Amino acid sequence: MIYLSNAFNQIRIGVKLFMGVKESARRTYIVPEFPDRLHIQTHSWCNAGCIFCPYTQISREKPMGRMSWELYTKIIDEASRYNVQRCALLLMNEPLLDRDLPQKIRYAKDRFRERTEVMITSNGSVLSDEKIKGLIESGLDRIKISIQGLDPEVYEYTMGKLKYDRTVDGVRRLIRAVKQSKSKTPRVVLSIVATGSNKKEVRSFKRYWRLRGVKATSVIFENKAGNVDLRGGELAPTGLKSPMTCFRPFRTSYILWNGDVILCCSDWGREVILGNVLHQSLREIWHGKLANTVREAIRDWDLKKLPPICRSCFKAEATGAHHKKPVFIKEFVNSFMGLFGADRHLTEEEEEIDGL
C-alpha cells in the first residue's frame, strides 16, 4: 500500500509541476496587492553548522535577537487581512529553538484560519516529545526537515554540530506521533540539499524515506548570493549558473527579528533593507520605491541596475532538468523515477509550486 501511495504521489507531483511551470511563466512578474508568502524570523539563532549555509560566519558579524510578541502580532494582524497563501515562521534560523513557537503558530492559525498554510523548516535536531506535542497541538500545517544524508558520517560532516542518531530518532517519533494524532498534521516532508559531498546519498535518501511512506525531496544547491564558501568546488562540482530571473521579490516578504524587511532569503548580509515594519506597514514596504526598483531590474535582468547580491546569486545545475524532452514528458518520467529516488533535484520555484 505504501508503494502504491508513493506511486500516486509521484504522478501527482509530475502533473502539478507541469501545470505549475506553465502557470509560473505567466505569474512571475505580477505583483500582488500583498505578498503571497511571508517568512518571519521569530529569532535569529541556529544550532547547526551546515557547510552549505553562511550562518556560522554571519552570526559573528550581525546583531542577533528575538522578535517581540508585539511586533510578531502586528505583522500577523496586518497579513491576516489579505490573501496570504503561506506563512513560514523561519528565516536564516532554527525555528524549534524558539520556546514560544507553538504559541506563535497558534496565533497565526487563529488569525489566518484555513486559507493560509503555516509551516516551518527545521533541522529536526531538538525534536523532543514535548516539542512534538506542542507542534501537533499548535495546528501547524507542515514541517519540512532538512536531513543531509543517510550515512551518519556524511550527515555529521555536512551539518556540523548535529548528531545523526538523535535527529533521526526525533524525526521518527514525530512521524509516529502525527500518524497517531486525530489531526494528522503537521505534514512531514524530508529534504536533502544536493552537494558534491553528499551526491552518493541523495538517491538512497529519497528511496529510503519514500518506501516508508514519507515525502522526501532533494533541492539544488545555491550559493546564497555569494555568502557561501564553495570549498574549492566541493559543494558544486559541476559548476554554478546564473538564474537569469527571480520570483522571490514578486511573491514573498522576508522579515527579520528586528522588523527589517530584507530583499530575499539569500540576503544574509542584510544588504538590501526594503523597510522596517516597526515604522511602516508591510504593505507600504511591499509597494515601496526600492522594492519596485529591484523588481524592474529583475524584469529586464539589467546587471547594471541589479543589487550586488542579485549579481552574485548562482545555483548549481538541476540534474536532469535541461534536456530536449518536452516538459510534460520530462516531469512524467521523473514522477516514476522518483519511486526509486532517482528523480532530479527541484529548484526552489518548483518547491513553491508543489508546496514543499
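For the structure itself, look to the data block above.
Residues numbered from 1 in each chain as written. Predicted model: local features only at pLDDT ≥ 70, side-chain atom pairs only at ≥ 80, totals over all residues. Heavy atoms only, no water.

## With respect to the pairing of strand β1 (residues 37-40)
Taken residue by residue, a regular strand's side chains alternate between the two faces of the sheet. Where burial is concerned, the two faces of β1 agree: the one with Arg37 and His39 and the one with Leu38 and Ile40 are both buried. Note: β1 against strand β2 (residues 86-88), three bridges, orientation parallel. Across the sheet, the residue bridging to histidine 39 is alanine 88, located in β2. Direction of pairing for β1 relative to strand β8 (residues 252-255): parallel, over a ladder of four bridges. By the bridge assignment, arginine 37 is partnered in β8 with threonine 252. (Buried < 20%, exposed > 50% of the residue type's maximum accessible area, 1.4 Å probe, protein only. Helix = DSSP H or I, 4+ residues; strand = E, 2+ residues; numbered from the N terminus. Pairing = 2+ DSSP bridges.)

## Notes on the packing of helix α5 (residues 129-138) against helix α7 (residues 164-180)
How two helices pack is summed up by the angle between their axes together with the distance between the axes. Running from N to C, α5 and α7 point in directions that differ by 40°, and their axes come no closer than 10 Å. In terms of orientation, α5 lies oblique with respect to α7. With respect to the hand of their crossing, α5 and α7 are arranged in right-handed fashion. Here Asp129, Ile132 and Ile136 of α5 lie close against α7, whose contacting residues are Gly170, Arg173, Leu174, Ala177 and Val178. Taken together, the residues of the contact of α5 with α7 break down into five nonpolar, one polar and two charged. (Axes fitted to C-alpha atoms, helices over the stretch in contact; angles between N-to-C directions. Parallel < 35°, antiparallel > 145°, perpendicular 65-115°, else oblique. Left-handed = near helix turned anticlockwise from the far one by under 90°. Contact = heavy atoms within 4.5 Å. Nonpolar A, V, L, I, M, F, W, Y, C, P; charged D, E, K, R; others polar.)

## Side note on the nonpolar core
Generally speaking, a soluble globular protein has its nonpolar side chains buried in company with each other. If you look at the biggest cluster of nonpolar residues, it comprises 93 residues, and the most contacted ones within it are Ile40, Leu89, Ile120, Leu135, Ile145, Leu190 and Trp209. Here this core takes six residues from α7, the largest share from any one element. Sequence-distant contacts of isoleucine 145, that is, excluding residues within four places in its chain, are made with Ser122, Asn123, Gly124, Leu127, Val171, Leu174, Val188, Val189, Leu190 and Ser191. (Core = buried A, V, L, I, M, F, W, Y, C linked by side-chain atoms within 4.5 Å.)

## A short note on the sheet that holds strand β3 (residues 117-122)
Reading across from one edge, β6-β5-β4-β3-β2-β1-β8-β9-β10 is the order of the nine strands in this open sheet, with mixed pairing throughout. Where the open sheet ends on each side, the last strands, each with one partner, are β6 (215-220) and β10 (273-276). This sheet shows a mean twist of 25° between the axes of neighbouring strands, independent of strand direction. Of the strands in this sheet, β1, β2 and β8 touch helix α3 (residues 69-79), which is tilted by about 175° from β1.

## Observations concerning the pattern of salt bridges
Using the criterion set out here, one finds 14 salt bridges in the structure. The salt bridge partner of aspartate 98 is arginine 66, with a shortest N-O separation of 3.6 Å. Residue aspartate 98 is found in the loop between β2 and α4 (101-112), and its partner arginine 66 is found in the loop between α2 (55-61) and α3; the two are separated by 32 residues along the sequence. On the accessibility criterion, aspartate 98 (2% relative accessible area) is buried. Two residues, arginine 106 and aspartate 110, come together in a salt bridge whose shortest N-O distance is 3.3 Å. (Salt bridge = Lys/Arg side-chain N within 4 Å of Asp/Glu carboxyl O.)

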